[in-house]
Amino acid sequence: MSEKTDKKRQLILDSAAKVFADKGYKAVTMKDIVEASDISRGGLYLYFSCVEDVFLAVLEMKEKTADEEISGEALENASGGEILLWFLKSQKKEILKKKDSLMLAKYEYAFSCAEKRRVSFLKKEMDKAVLVLQNILERGTEGGEFACFDPKNEAKDMMYAIEGMKLMSLTTGISEKKVDSEFLHMMERIVIEDEE
């Protein structure tokens with residue numbers, strides 16, 4: 001792709017991400033994406049054939065951005081504890097539905113798919129998050145910050161709780177105080193206290 005093509009595609013994805021964050025997945029049309037991107041309908045169809053294609057490309061873009069953040073220079077030299085705090089802060093933002101959250105859109109998309117595809121999509125999303133968290137826990141354990149004998153299962157337990165809070169925020173609501181309390185409980189299970 002040319003630089004101009006890459007920029008146009010990125011403009012579409014950035015605009016579409018805002019639309020999905022605002023409207024979820026089910027309510028979004030190609031027309032919404034055209035209007036948000038300020039391009040022609042034909043211009044959009046040069047890059048994407050349907051809303052689903054755009055949405056999956058947005059998720060891929062967001063995943064790549066998150067991967068770059070966690071492997072970026074700022075976190076490269078950070079301790080496991082510092083990275084865990086960064087991770088939990090980003091999860092808290094999503095739970096409390098701060099700007100740019102695609103949480104509702106992800107669930108709407110998953111439940112618009114046939115069962116086999118839905119299970120595959122949700123499992124893939126969960127497995128990616130568990131792996132990131134597992135790597136963080138392993139780093140903190142190796143650095144002597146965490147007492148975590150089974151990082152993979154601990155990461156799964158933590159992600160189940162985090163996903164539960166995300167669902168609560170979409171259905172009945174959840175307070176910032178409750179999210180902080182749950183995260184504190186998670187930290188208390190693994191963090192080694194300094195003995196002075």
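Residues numbered from 1 in each chain as written. Predicted model: local features only at pLDDT ≥ 70, side-chain atom pairs only at ≥ 80, totals over all residues. Heavy atoms only, no water.

Q: What's the story with helix H10 (residues 176-190) in this structure? I'm lost.
A: An α-helix turns once per 3.6 residues; consequently, residues spaced three or four apart project the same way. The terminal C-alpha atoms of H10, which comprises 15 residues, lie 22 Å apart, in line with the 21 Å expected from a rise of 1.5 Å per residue. The set of residues buried in H10 consists of Val-179, Phe-183, Met-186, Met-187 and Ile-190. Angularly, the buried residues of H10 cover 95° about the axis, an arc narrow enough to put them on a single face. Exposed residues lying more than 90 degrees from the buried face of H10 are Lys-177 and Glu-188. Its buried side turned inward, H10 meets helix H6 (80-95), helix H8 (115-142) and helix H9 (151-171). (Helix = DSSP H or I, 4+ residues; strand = E, 2+ residues; numbered from the N terminus. Expected span 1.5 Å × (residues − 1). Buried < 20%, exposed > 50% of the residue type's maximum accessible area, 1.4 Å probe, protein only. Arc of directions from axis to C-beta. Contact = heavy atoms within 4.5 Å.)

Q: Teacher, can you tell me more about the confidence of the model for the chain here?
A: Parts of the prediction with low pLDDT should not have their coordinates interpreted in detail. Per-residue pLDDT for the chain has a mean of 90; in total, 95% of the residues score no lower than 70. Mean pLDDT across the elements of the chain bottoms out in helix H5 (residues 73-76) (68) and peaks in helix H2 (residues 30-37) (97). (pLDDT = per-residue confidence, 0-100.)

Q: Sorry if this is basic, but what is going on with the layout of surface pockets here?
A: If a probe as big as a water molecule is rolled over the atoms, it shows which places are left empty. In this model, the largest pocket occupies a volume close to 1,300 Å³. Taken together, 35 residues line the largest pocket, and the ones lying closest to its centre are Lys-62, Ala-66, Gln-91, Glu-94 and Lys-106. Secondary-structure elements contributing two or more residues to the lining of the largest pocket are helix H4 (51-70), H6, helix H7 (103-112), H8 and H9. Sorting elements by how many residues they give to the lining of the largest pocket places H4 first, with 8 residues. Grouping the amino acids of the lining of the largest pocket by side-chain chemistry returns 16 nonpolar, 4 polar and 15 charged. (1 Å grid on protein atoms, 1.4 Å probe; cavity = no way out; pocket = protein on both sides within 12 Å on 5 of 7 lines; lining within 4 Å. Points joined across faces, edges and corners; volume = space filled by probe spheres on them. Nonpolar A, V, L, I, M, F, W, Y, C, P; charged D, E, K, R; others polar.)

Q: For this particular structure, what's the right way to read the side chain of Lys-166?
A: Looking at where Lys-166 falls in the secondary structure, it is placed in helix H9. Engagement of the side chain of Lys-166 in a polar contact is seen with the side chain of Gln-91, the distance being 2.9 Å. Those residues within four positions of Lys-166 in sequence are excluded, and the remaining contacts are Gln-91, Glu-94, Ile-95, Met-103 and Tyr-107. (Polar contact = N/O pair within 3.5 Å; in protein donor to acceptor, adjacent residues only side chain to side chain.)

Q: Got a minute to help me understand H6 in this structure?
A: In this model, H6 (16 residues) spans 22 Å end to end at C-alpha, consistent with the 22 Å of a helix rising 1.5 Å per residue. Turning to H6, its buried residues are Gly-80, Gly-81, Ile-83, Leu-84, Phe-87, Leu-88, Gln-91, Lys-92, Glu-94 and Ile-95.

Q: Quick question: what am I supposed to make of the pattern of salt bridges here?
A: Any two side chains of opposite charge can pair if their charged atoms end up close together. Summed over all chains, the structure comprises 15 salt bridges. Asp-32 is the partner of Lys-23 in a salt bridge, and the nearest nitrogen-oxygen pair spans 2.9 Å. A residue is classified by how much of its surface remains accessible, and Lys-23, at 36% relative accessible area, is partly exposed. The partner of Lys-92 in a salt bridge is Asp-180, with the nearest N and O atoms 2.7 Å apart. Here Lys-92, found in helix H6, pairs with Asp-180, found in helix H10; they are 88 residues apart in sequence, far enough to count as distant. Owing to a relative accessible area of 17%, Lys-92 belongs among the buried residues under this scheme. (Salt bridge = Lys/Arg side-chain N within 4 Å of Asp/Glu carboxyl O.)

Q: Which parts of the structure should I look at to understand the packing of aromatic side chains?
A: Aromatic rings in a pair are described by how distant their centres are and how their planes are angled relative to each other. Across all of its chains, the model carries 6 aromatic pairs by this definition. Ring centres 4.9 Å apart and planes at 70° place the aromatic pair Phe-20 and Phe-55 in the edge-to-face group. Residue Phe-20 is found in helix H1 (residues 3-23), and its partner Phe-55 is found in helix H4; the two are separated by 35 residues along the sequence. Neither Phe-20 nor Phe-55 differs from the other in exposure class; each is buried. Relative to Phe-55, the ring of Tyr-25 has its centre 5.1 Å away and its plane inclined at 55°; by these criteria the two rings are tilted. Of this pair, Tyr-25 sits in the loop between H1 and H2 while Phe-55 sits in helix H4, and the two are 30 residues apart along the sequence. Joined through ring pairs, the aromatic side chains of Phe-20, Tyr-25, Phe-55, Tyr-109 and Phe-121 make up one cluster. (Phe/Tyr/Trp six-rings, centres within 6.5 Å; stacked < 30°, edge-to-face > 60°.)

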